[in-house]
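Coordinates in review
Each chain is listed here by its residues.
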Amino acid sequence: MGIQGKDLLSIHDLSVAEVSEILDVAETLKAKQQRGEEHHWLKGKTLGMIFQKSSTRTRVSFEVGMWQLGGLALFLSDRDLQIGRGEPIKDTARVLSRYMDGIMIRTFSHDEVKELARYATIPIINGLTDLLHPCQALTDIFTVKEHKGELKGLKMAFIGDGNNMSHALMQACAKVGMHITVASPSAYAPDTAIVDEARADAAVFGSRVEVVTDPFAAAKDADVLYTDVWASMGQEAEQQKRERDFSGFQINRELLQTAKKDAIVLHCLPAHRGEEITEEVMEGPQSAVFDEAENRLHVQKAIMALLMAKNKNQ
Ligand code: CP
Ligand code: NVA
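Residues numbered from 1 in each chain as written. Chains lettered and ligands numbered in written order. Predicted model: local features only at pLDDT ≥ 70, side-chain atom pairs only at ≥ 80, totals over all residues. Heavy atoms only, no water.

Focus: the sheet that holds strand S7 (residues 209-212)
One open sheet holds the five strands; their spatial order is S7-S6-S5-S8-S9, and the pairing between them is parallel. At either margin of the open sheet sits one strand with a lone partner, and together these are S7 and strand S9 (264-267). Shown here is a sheet whose adjacent strand axes are inclined to one another by a mean of 20 degrees, direction ignored. Both strand S5 (residues 155-159) and strand S8 (residues 224-227) contribute to a ladder of four bridges, which runs parallel. By the bridge assignment, Ala 157 is partnered in S8 with Leu 225. Where helix H5 (residues 134-148) meets the sheet, its contacts fall on S8 and S9, and the angle it forms with S9 comes to roughly 160 degrees. (Pairing = 2+ DSSP bridges. Helix = DSSP H or I, 4+ residues; strand = E, 2+ residues; numbered from the N terminus. Axes fitted to C-alpha atoms, helices over the stretch in contact; angles between N-to-C directions. Contact = heavy atoms within 4.5 Å.)

In C-alpha cells, the structure reads:
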C-alpha cells in the first residue's frame, strides 16, 4: 500500500499510517534541505498548478519545492487556460494527464476537484477548495510536532469561521490523536458531515472533536491556538457583515492567557491584524506562524515525492 499514485483531496481519505509517512518524509526532506544535500527525487517530472483563486504561499512553495526535487512546475491560471472559457474539467484532466505527472489545483468547488481526480490518470493534489485545505492542515500538524515533540493528547482550539481550514484541521487532528475544539458563531459552525467524519476518525485514538460558540471555552488549556480570516476568498462581499458577526472571535492577549502557558499560535495566513488576530499576538513570542509558512515547502515536497513517485495505473 502507500499513497504512491493516489490523489490528495482530503485528509479523511488518508490512513493514519499515510499521514505519519507524510510527516516523516517531510522531516527527512527538511533536514536534507537545511544541510544543502541534493534530493532530486522527482527528476524529470512535471507538476501542473491550476489556480482559480489567489495565492502567495501555495504557489511559491509548490513551485520552489518542485524545483528542489529536480522537477518542473507550471503555473496555470484559469484566466489563461481554456477552463476559463468553458472547456470541461473532465477534458482538461485527460489532456493534462498526457503531459504531466501530477496536478495541484486551487479552486472554489470541491466537486470540481473530485471530477478532475476522477478523469485524471495522474495524482491530483487539493491546493484549497471552499471545503478543505489539506496541504495547510498537514503542515500545521507537522509544525505542532516540531514545537511540541508529540501530538497525541494535545489540544488545538480553532477560533473563528467554520471554514475550509477548520474542516481540514478537524480531519488532521483526528488522524494524529489530537483533541480539537472549534469555536464559531452558531451561524458559521463547521459542516456537520465533516464534523461527524472527523469524530469517527478521532474515535480510533479516543481524541475529541468539539464545536462550541464560546472562544474562551475552546481556548481553555489549549496547546495550540489557531485562527483564519473571517471572510475567505469568494466571500469578499460579506466582509462587513462578517466583521460584525465575528466580533469577539479574535486571538488576543486575553484569549492567549486562557490557553496553556506554553501554547503556540498558528494562522494559515494571510492574516488580517485587528480582526481575527491582534498585531501583538501575531508578532509575539508564542506565534509560530512563519515556521508554519516555511513548513508548507517541506510538507508539500513530501506529498509530491510520495504521490508522484507513480501514476494511478502503475
Ligand atoms: N495559507 C495559504 O494557503 O496561503 P496562500 O493563499 O497565500 O497560498
Ligand atoms: N479560509 C481561507 C484560507 C486561505 C489560505 C480562504 O479560503 O480564503
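Now that the structure is up, let's keep going.
Digging into the site of ligand 2
Lining the immediate surroundings of ligand 2 are Leu 128, His 133, Asn 163, Asn 164, Asp 228, Val 229, Ser 232, Met 233 and Leu 269. Between ligand 2 and Asn 164 there is a distance of 2.8 Å, counted from a nitrogen atom to a side-chain nitrogen or oxygen. The protein chains hide 95% of the 270 Å² of surface that ligand 2 would expose on its own. A class-by-class count of the residues in the shell around ligand 2 yields four nonpolar, four polar and one charged. (Near = heavy atom within 4 Å. Polar contact = N/O pair within 3.5 Å; in protein donor to acceptor, adjacent residues only side chain to side chain. Areas by Shrake-Rupley, 256 points an atom, 1.4 Å probe, with all protein chains shown as cover. Nonpolar A, V, L, I, M, F, W, Y, C, P; charged D, E, K, R; others polar.)

Section: the pattern of salt bridges
Pairing is possible between side chains that carry opposite charge, provided their charged atoms lie close to one another. For the structure on display, the rule yields 19 salt bridges. Between Glu 63 and Arg 59 there is a salt bridge, and its shortest N-O distance comes to 3.2 Å. In this pair, Glu 63 and Arg 59 are both assigned in helix H2 (residues 57-68), four residues apart and thus about one turn of the helix distant. Relative accessible area serves as the criterion here: at 29%, Glu 63 is assigned to the partly exposed category. As a salt-bridge pair, Arg 208 and Glu 210 come within 3.7 Å of each other at their nearest N and O atoms. With a relative accessible area of 42%, Arg 208 lands in the partly exposed category. (Salt bridge = Lys/Arg side-chain N within 4 Å of Asp/Glu carboxyl O. Buried < 20%, exposed > 50% of the residue type's maximum accessible area, 1.4 Å probe, protein only.)

Observations concerning helix H12 (residues 289-307)
Its 19 residues give H12 an end-to-end C-alpha distance of 27 Å, which sits within 8% of 27 Å, the value for a rise of 1.5 Å per residue. Residue Asn 295 marks the point of greatest curvature in H12, where the axis turns by about 30 degrees. Counting buried residues along H12, 15 of its 19 residues qualify, which places the element largely inside the surrounding structure. (Expected span 1.5 Å × (residues − 1). Bend = angle between axes of the 7 residues up to and from the residue.)

Details of the nonpolar core
Side chains of nonpolar character tend, in soluble globular proteins, to be buried together. Membership of the largest hydrophobic core comes to 60 residues, with the highest contact counts inside it found for Ile 22, Leu 138, Met 178, Ile 303 and Met 304. The element best represented in this core is helix H6 (residues 164-176), accounting for eight residues. Sequence-distant contacts of Ile 303, that is, excluding residues within four places in its chain, are made with Leu 8, Ile 22, Ile 125, Cys 135, Leu 138 and Met 308. Core analysis: the next-biggest nonpolar cluster, separate from the first, contains 23 residues, Ala 157, Leu 225, Phe 249 and Ile 251 among them. (Core = buried A, V, L, I, M, F, W, Y, C linked by side-chain atoms within 4.5 Å.)

Some thoughts on unusual backbone geometry
Of note, the amide linkage connecting Leu 269 to Pro 270 takes the cis form, showing an omega dihedral of 5 degrees. In this fold, Pro 270 is placed in the loop between S9 and helix H11 (279-282). Phi is positive for Leu 128, close to 120 degrees, though the residue is something other than glycine. Considering the arrangement of structural elements, one finds Leu 128 in the loop between strand S4 (124-126) and H5. Classification of Leu 128 as buried rests on a relative accessible area of 6%. By the secondary structure assignment, Leu 269 is in the loop between S9 and H11.

In short, the description is geometric, and any link to function would need to be established separately.
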